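# Architecture at a glance
This is what each chain is made of:
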Amino acid sequence: MKQDQPRPTPRAGIMDIEAYVPGKSTAPAGVTKVYKLSSNENPLGPSPKAIEAAREVAAKLDVYPDGTARRLREAIAEVHGLSPANIICSNGSDEILGLLAQTYLAPGDEAVFTEHAFMVYKIYIQAAGAKPVAVKETDERADVDAILAAVTPATRIVFLANPNNPTGTYLPFSEVRRLHAGLPRNVLLVLDAAYAEYVRRNDYEAGIELAGSAENVVMTRTFSKLGLGGARVGWMYGPAHIVDAINRVRGPFNVNATALEAGIASIRDRAHVERSVLHNEKWLAWLSEQMIGLGLRVTPSVGNFLLIHFPDDKKHSAAAADDYLSARGYILRRVTGYGFPNALRMSIGIEEANRGVVEALKTFLKS
Ligand SMILES: Cc1ncc(COP(=O)(O)O)c(C=O)c1O
């Protein structure tokens, strides 16, 4: 090989992407008990039935999985009352978000999301060579008028995390409908409902009805927040023409055998889902109250996590709190990259972790 020839270079724009930084999972050396509260996982763990199903697959790992994920789609369809033909399963919902960007965006196109939205949208938009357009939120919540004002003839996708991560705020479905009504027909509205199971609000809908009736709406969901983060199982529900397009682009065996079987067992274990949701409802309310009691502002959350804002003084900043908590085994999420340099996101944990964080912060704030 001639050394004076140029080496392979990524497409224009790829090196402008800031790689996603996942939540920490380790504590400083010497900390023996670690509570990982940085990735919005289920503190109750996977469904015991999913564990058993994954064990059974282990003996058959030589066999390719069903590339159409038929049984998993049927299980999802049964639980949610959908047509399996309108579902695509994916390697976490991240994958489907990427496939949507790859399929519907080209260089010169634009895609819109809100300023504190889940960060992978921007990455996938850039990876497709399109222009990311971040719009202002109002009170840390998506603002339909601001989104509609940002739509131009070049817009192809609007990504809406509902509820959003890391804020935990949501749009009532009347607002989602108003957003949809204001979009041109050629703009795809992606309703990312990763935390839908946890929302206990009468005016919330994940988007099943809209994705089932409109030509330009899809809803994405995940198993990650209900105990299968490590298995990587996500899905999308939407119109047949979008399912058809995505099926041409996705990897032929994108959901592995363990994920398929764990997913099927998990979604059928409604008792585990119910337990997880009730645990979250109780401790989300408790933690919100306790944080406010400590004099900290929290963004009102309907997810399985809480965004906690810290005082302006350096001694009690989010960075200082993060160090203090990490040293005691409580691993929360820094959210500077999301535009919150002085906040931490805390996933709702088991009782011991929740009480432990509150006690630790009490001492920290007095120090
Ligand atoms: C809003 C939102 N969407 C999608 C995802 C992706 O989840 P997964 O790829 O694990 O399904 C997450 C995970 O943090 C999220 O917060």
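Residues numbered from 1 in each chain as written. Predicted model: local features only at pLDDT ≥ 70, side-chain atom pairs only at ≥ 80, totals over all residues. Heavy atoms only, no water.

## A closer look at the overall build of the protein chain
Looking only at helices and strands, one finds 12 helices and 13 strands in the protein chain. Its C-alpha atoms give the protein chain a radius of gyration of 21 Å, near enough to 21 Å, the size a compact globule of 367 residues would have. Taken over the C-alpha atoms alone, the protein chain extends approximately 60 × 60 × 50 Å along its principal axes. For the protein chain, restricting intrachain contacts to residue pairs at least 6 apart in sequence, the fraction spanning at least 24 positions comes to 74%. On the protein chain, roughly 16700 Å² of surface is accessible, and the fraction owed to carbon and sulfur atoms is 53%. (Helix = DSSP H or I, 4+ residues; strand = E, 2+ residues; numbered from the N terminus. Rg over C-alpha atoms; globule rule 2.2 N^0.38 Å. Contact = heavy atoms within 4.5 Å. Areas by Shrake-Rupley, 256 points an atom, 1.4 Å probe, with all protein chains shown as cover.)

## Quick notes on the site of the ligand
Near the ligand you find Gly92, Ser93, Asp94, Phe118, Asn165, Asp192, Ala194, Tyr195, Thr222, Ser224, Lys225 and Arg232, and these make up its full shell. In the model, a nitrogen atom of the ligand is placed 2.6 Å from a nitrogen or oxygen of the Asp192 side chain. Within the contact set of the ligand, an oxygen atom lies 2.7 Å away from a side-chain nitrogen or oxygen of Arg232. Expressed as a share of its isolated accessible area of 400 Å², the protein-covered part of the ligand is 93%. With three residues, the top contributor of residues to the shell around the ligand is helix 3 (residues 92–104). The class makeup of the residues in the shell around the ligand is three nonpolar, five polar and four charged. (Near = heavy atom within 4 Å. Polar contact = N/O pair within 3.5 Å; in protein donor to acceptor, adjacent residues only side chain to side chain. Nonpolar A, V, L, I, M, F, W, Y, C, P; charged D, E, K, R; others polar.)

## Examining the side chain of Asn164
Among the structural elements, Asn164 can be located in the loop between strand 5 (155–161) and helix 6 (173–182). Side chain to side chain, Asn164 and Thr167 meet in a polar contact 3.1 Å long. When residues no more than four places from it in sequence are discounted, the contact partners of Asn164 are His116, Ala117, Phe118, Glu137, Thr169 and Phe305.

## Considerations on the sheet that holds strand 13 (residues 340–347)
The strands making up a sheet associate through backbone hydrogen bonding, with each pair oriented either parallel or antiparallel. The four strands are arranged 9-10-13-12 in an open sheet whose pairing can be described as antiparallel. Two strands lie at the open edges of the sheet, namely strand 9 (297–299) and strand 12 (333–335), each paired on one side alone. Averaged over neighbouring strand pairs, the angle between their axes works out to 35° when direction is ignored. Sheet topology places strand 10 (residues 305–309) next to strand 13; five bridges connect them, and they run antiparallel. Across the sheet, Phe305 pairs through a bridge with Ser347, a residue of strand 13. Docked against the sheet, helix 10 (residues 270–293) engages strand 9, strand 10 and strand 13, running at close to 5° with respect to strand 10. (Pairing = 2+ DSSP bridges. Axes fitted to C-alpha atoms, helices over the stretch in contact; angles between N-to-C directions.)

## Focus: the sheet that holds strand 7 (residues 217–222)
Across the sheet, seven strands lie side by side as 2-8-7-6-5-3-4; this open sheet has mixed pairing. Looking at strand neighbours, the two that pair on one side only are strand 2 (87–90) and strand 4 (131–135), the edges of this open sheet. Recorded for the sheet is a direction-independent mean angle of 20° between the axes of neighbouring strands. Both strand 3 (residues 110–114) and strand 4 contribute to a ladder of five bridges, which runs parallel. Counted as the bridge partner of Phe113 is Ala134 from strand 4.

## Considerations on the domain arrangement of the protein chain
Split by domain assignment, the protein chain resolves into domain 1 (14–45 + 271–366) and domain 2 (48–268). Here the C-alpha centroids of domain 1 and domain 2 sit 25 Å apart. Both sides of the domain 1 and domain 2 interface together cover about 2600 Å² of buried area, and 63% of this is carbon and sulfur. Put simply, domain 1 and domain 2 have two salt bridges between them. Two residues, Glu140 and Arg297, come together in a salt bridge whose shortest N-O distance is 2.8 Å. At the level of secondary structure, the elements contributing two or more residues to the side of domain 1 that touches domain 2 comprise helix 10, strand 9, strand 10 and strand 13. Broken down by element, the residue count for the side of domain 1 that touches domain 2 peaks at eight residues, all from helix 10. Looking at the side of domain 1 that touches domain 2 residue by residue, the class counts come to 14 nonpolar, 14 polar and seven charged. (Domains from an automatic or database assignment. Buried area = accessible area lost by both parts, 1.4 Å probe. Salt bridge = Lys/Arg side-chain N within 4 Å of Asp/Glu carboxyl O.)

## Quick notes on helix 8 (residues 240–249)
Among all positions in helix 8, only Ile242, Val243, Ala245 and Ile246 are buried. End-on, the buried residues of helix 8 take up no more than an arc of 165°, which puts them together on one face. Among the exposed residues of helix 8, those pointing more than 90 degrees away from its buried face are Ala240 and Arg248. Elements in contact with the buried residues of helix 8: strand 2, helix 3, strand 6 (188–192), strand 7 and strand 8 (234–237). (Buried < 20%, exposed > 50% of the residue type's maximum accessible area, 1.4 Å probe, protein only. Arc of directions from axis to C-beta.)

## Observations regarding the pairing of strand 2
Every other side chain in a regular strand lies on the same face of the sheet, so the side chains alternate between the two faces. The side-chain alternation of strand 2 yields two buried faces, one formed by Ile87 and Cys89 and the other by Ile88 and Ser90. In the sheet, strand 2 pairs with strand 8 via four bridges, with the strands oriented antiparallel. Bridge pairing in strand 8 links Ile87 to Tyr237.

## Some points on the UniProt feature "domain: Aminotransferase class I/classII large" (unreviewed entry) in the protein chain
Following the UniProt record, one finds the feature "domain: Aminotransferase class I/classII large" (unreviewed entry) at residues 33–359. Between the C-alpha atoms that bound residues 33–359 there is a distance of 16 Å. The span itself is 40% helix and 18% strand. (UniProt positions renumbered as here; feature names shortened; annotations may be inferred.)

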